[in-house]
Amino acid sequence: MTVLDSAASDLVVGCDITGEEAGLRRFLDPDCAALIWQRGMPADIRRWLEQIDPERLPRGRVIVPPESVARVFAEFCAMSGLPQGAGQDWLQAHVAGLAREFSLLMDARYLRFRLDVVTTNACRKFHVDAITARLVCTYRGTGTQLGMSHQGAEPAEVQTVATGSPLLLRGSRWPAQPASGLLHRSPPIEGTGETRLVLVLDPVTDPDDEMDHHMVTPVGVPLH
């Protein structure tokens, strides 16, 4: 199993790797701008997902307590028509497990839980998100790409996180100075015929301050 789909032998500066849940606490260290959790996904699940009609891949966005993620994931799957079975069961358990571990790490009572189905060059420019922290995991297609910016220039070297390996990223609201220079982007795939399925989790302190009228109705948190 590799954590980077890249010929480069070293991780970009400021990015670390762990293979265990206990190692996630490394993300809280001052010099760690990003952390890759070496988990991957079974080959049969990956092949199954690649064969699913993109229109039937689950998608949605909602703010929920971490313990509600599994139920909401099942609702997203029901709405999209994702076939039930071992594949969906594995995905649900994996997503719920990531939500649990990330919320514990960030001491978050709520999470912004998002599943995106991407076929375009969404977020193709290297950037830092305007959040405190984020967990991203690509289940289908090319993973998130990382690069180090020097004096504001585009990264000269691009490394791609392996499909199925969760990536923890700090955003611009993380209280760290100076900025690390580590940037990320969604891989440019427009025109290739590729479809990506991406999980995004953000810690939420106050759901009332985070509500977005474009979100589906969250479990346990009424929209205003």
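Residues numbered from 1 in each chain as written. Predicted model: local features only at pLDDT ≥ 70, side-chain atom pairs only at ≥ 80, totals over all residues. Heavy atoms only, no water.

**Q** Which parts of the structure should I look at to understand the overall build of the protein chain?
**A** Counting its regular elements, the protein chain contains four helices and ten strands. Ordered by position from N to C terminus, the α and β elements of the protein chain give β-β-α-β-α-α-β-β-β-β-β-β-β-α. Out of the 224 residues belonging to the protein chain, those deemed buried represent 50%. For the protein chain, the computed accessible surface area is about 11100 Å², with 48% contributed by carbon and sulfur atoms. (Helix = DSSP H or I, 4+ residues; strand = E, 2+ residues; numbered from the N terminus. Buried < 20%, exposed > 50% of the residue type's maximum accessible area, 1.4 Å probe, protein only. Areas by Shrake-Rupley, 256 points an atom, 1.4 Å probe, with all protein chains shown as cover.)

**Q** Quick question: what am I supposed to make of the sheet that holds strand 6 (residues 145–148) here?
**A** The pairing of strands in a sheet happens through backbone hydrogen bonds and is either parallel or antiparallel. One open sheet accounts for three strands, arranged 7-6-9; its pairing is antiparallel. Every interior strand has two partners, whereas the edge strands, strand 7 (159–160) and strand 9 (182–185), have only one. Two elements, strand 6 and strand 7, share two bridges in a ladder whose sense is antiparallel. Note on strand 7: the bridge partner recorded for leucine 146 is glutamine 159. (Pairing = 2+ DSSP bridges.)

**Q** Is there a simple way to think about the pattern of salt bridges in this case?
**A** A side chain with one charge may pair with a side chain of the opposite charge, provided their charged atoms come close. Considering all chains together, one arrives at nine salt bridges under this definition. The salt bridge involving arginine 26 is made with aspartate 31; its shortest N-O contact spans 2.7 Å. On the accessibility criterion, arginine 26 (25% relative accessible area) is partly exposed. Between glutamate 50 and arginine 140 there is a salt bridge, with the nearest N and O atoms lying 3.9 Å from each other. Separated by 90 residues along the polypeptide, glutamate 50 in helix 1 (residues 43–51) and arginine 140 in strand 5 (residues 133–140) bring together distant segments of the chain. Shared partners join several salt bridges into a network, and the residues in it are Asp16, Arg26, Asp29 and Asp31. (Salt bridge = Lys/Arg side-chain N within 4 Å of Asp/Glu carboxyl O.)

None of this, on its own, says anything about what the molecule does.
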